[in-house]
Amino acid sequence: MAEIDEPKLTIPVSDGDHVLGPDDAPVTLLEYGDYECPYCRQVGPIIRELQARFGERLHYVFRHFPLTKAHPHSQLAAEAAEAASAQGRFWEMHDRLLKYEGVLDQEHLVLLAVELGLDAGRFERELEEGVYTHRVRQDFLSGVHSGANGTPTFYLNGERYDGPWDLDSLSAEIQKPIGVRVRVMFRQFTRLQASSGILLLLATVVALLWANSAWSESYFQLWETYLTISLGALSLSESLLHWVNDGLMVIFFFVVGLEIKREILVGELASLRRATLPLVAAVGGMVVPATIYAWINSGGPGQDGWGIPMATDIAFMLGLLTILGSRVPVSLKVFFTALAIADDLGAVLVIALFYSGDIHWVALAVAAVFLLALIVLNRIGFRQPLPYAILGIGLWLAFLESGLHPTIAGVLLAITIPARSQVEAEAYMAQCTAALRGLGPGEGEGETSRSQQAAAQTLEVIAERIQSPLLRLERSLNPWVAYLIVPVFAFANAGVDARGNLLVALSHPIALGIMGGLVLGKPLGITLFAWLVVKLRLADLPFGVSWAQLFSASWLAGIGFTMSLFIAGSAFDPPELLAVSKVAILAASLLASAIGFGLLSLTSPSQEGVSSLEDAPSPA
């Protein structure tokens, strides 16, 4: 899934900024504000309380961010503050503007200047001539480049603060107690463009080191340990490896199914014109690698592994793309995200059709009943997750006994999750307004009143109904999949004892087929099929992307890893063949990532984000 750049302050605090508190204070709190914004006015007293509470430990900075479409006088008010600053009275005017309840037009701004004892003639003349228009615009553009998302937007020591604006929350963030520090460290790590890939790589390295150490036997014994779950007369006993591959990975495939459904409904696969290029390129990236593998292993013991080099690991691929930052066009990242999701869909179909066992029709009929019940829940508009979870577990158990791969249950469950929100904008806005009024002062000091609890519950219900169950589940499960389930899968499956036979393993036809398919077949198939579609005028090349960049990035699609390891486990029962395939997948993924990253670095020269601040958008 595509990630976004971490919001950081791009323009550092300088002598031209309006500041309170010592420059060497340990905490710098910078606010982008709008004098007509009601929320900036509400937060004003909180800022003054923070200054009183932290004193010399706080360095406060204010920058203008006038949202002129919503607040028509905000630009002029910001210029009035600058005109007052030219006469040494910025903060006095700043406070009065935030407290002023009238219209902030020029006539009333001049009256405020008179009340402050300013040179009113000079003040009015500078407003009429727009002397400080450029100065205010510089502040606004610095906010645009830093990722300011409205007013007020706060930055704590250069990092955007997205938490609550109340006094206690801001104080806790400034003081950084241990709980906040842990949360901030985790948030900073997860905002790294390749954080999930880092954990995946770490799990793989630990598994390989353990499997090739003097304690390798304990590694394999761990995953062969059986875990039994019993409920009355019902009992399910599987090895830890099977619990990971057939159990935990169901959640992985469930999230994959949610992503596929979202992309088909509202994403890059939603229209035929937009979907043609990534879909056809994905087909090329599956057909050519499978053909290369089948050609090398035709009639041999490894002929069933043709599906292994068809897969792409989206986490590693997008992680490497985003490491290059602005050098890689956003449209290229979007294209390969859609391609990887289409690739996942192809891998799911391959697993379901070609890597399942003998079909047990009774169990499959039971699975059909569960699936029908899930579809009925969707059709009647049921949105609570618990019934879907209970029926989903039943669907998984039925698939476990049916002979079809149990992870397919995760994809089918995802298809039944409601994807549309129940939004009645005007009614919800009125209800939110009424609920927010209920969040006023409580009945007793130190405790929350019943009306506040009711208001908070109302807002929570409204927020849940506005966001579709599909998006809510995808957002909540993605961190568990990226930072727990996939690394655990890699830890359980990537360990292979390659001591003394690495060269022999890599020269095996299975290894040659996998490496040839992933390292050569993927870029050739993706580029060739994409070229044909564009030449036939069925689709267009992504905006701002050259053929050299697309070809270079297509090598990264040769990072099979997670899905390739999964298919290998389904394709091969003999341990020696599975070990060869694992070694080849790891070697091919490493080689493809190195070649792709190197080629992209050459074909995507460093770009300056925006040539000047004047090129940025106007206030909205």
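Keep in mind it's a predicted model, so treat the numbers as computed, not measured.

J.: Help me out: how do you make sense of the sheet that holds strand S3 (residues 58–64) in this one?
T.: Within a beta sheet, neighbouring strands are joined by backbone hydrogen bonds and run either parallel or antiparallel to one another. Strand order across the open sheet formed by five strands is S1-S3-S2-S4-S5, with mixed pairing between neighbours. Each end of this open sheet is capped by a strand with a single partner; those strands are strand S1 (18–20) and strand S5 (159–161). Here the strands of the sheet are splayed against their neighbours by 25° on average, with no regard to which way each runs. In the packing of helix H1 (residues 38–54) onto the sheet, the strands contacted are S1, strand S2 (27–33), S3 and strand S4 (153–156), and the crossing angle to S2 comes to about 165°.

J.: Help me out: how do you make sense of the nonpolar core in this one?
T.: Among soluble globular proteins, nonpolar side chains are generally buried collectively. Residues Phe252 and Phe253 are the most contacted members of the largest nonpolar core, which totals 110 residues. Residues within four places of Phe252 in sequence aside, it is in contact with Val481, Ile485, Val486, Thr562 and Met563. If you look at the next biggest cluster of nonpolar residues, it comprises 37 residues, including Ile47, Leu58, Ala77 and Leu112.

J.: Sorry, what's going on with the pattern of salt bridges here?
T.: All told, the structure shown has 11 salt bridges when counted by the stated rule. Of the charged contacts in the structure, one is a salt bridge between Arg63 and Asp17, with a shortest N-O distance of 2.9 Å. One end of the pair, Arg63, is in strand S3; the other, Asp17, is in the segment before S1, and 46 residues separate them in sequence. The residues Arg63 and Asp17 share a single accessibility class, namely buried. Notably, a salt bridge pairs Glu82 with Arg135, separated by 3.8 Å at the nearest N-O pair. Placement of Glu82 in helix H2 (residues 74–85) and of Arg135 in helix H6 (residues 133–146) is noted, with a sequence separation of 53 residues between them. The exposure class of Arg135 is buried, given its relative accessible area of 18%. Through salt bridges with shared partners, a single network forms among Glu82, Arg135 and Asp139.

J.: Explain the pairing of strand S7 (residues 234–239) to me, please; I cannot follow it from the model alone.
T.: Residues in a regular strand project their side chains so that they alternate between the two faces of the sheet. In this sheet, S7 lies alongside strand S6 (residues 226–231) in antiparallel orientation, the contact comprising six bridges. Bridge pairing in S7 links Thr228 to Ser237. Between S6 and S7, which pair antiparallel one after the other, the connecting turn spans two residues, and Gly232 there sits at a positive phi close to 65°.

Definitions and cut-offs
Residues numbered from 1 in each chain as written. Predicted model: local features only at pLDDT ≥ 70, side-chain atom pairs only at ≥ 80, totals over all residues. Heavy atoms only, no water. Pairing = 2+ DSSP bridges. Helix = DSSP H or I, 4+ residues; strand = E, 2+ residues; numbered from the N terminus. Axes fitted to C-alpha atoms, helices over the stretch in contact; angles between N-to-C directions. Contact = heavy atoms within 4.5 Å. Core = buried A, V, L, I, M, F, W, Y, C linked by side-chain atoms within 4.5 Å. Buried < 20%, exposed > 50% of the residue type's maximum accessible area, 1.4 Å probe, protein only. Salt bridge = Lys/Arg side-chain N within 4 Å of Asp/Glu carboxyl O.

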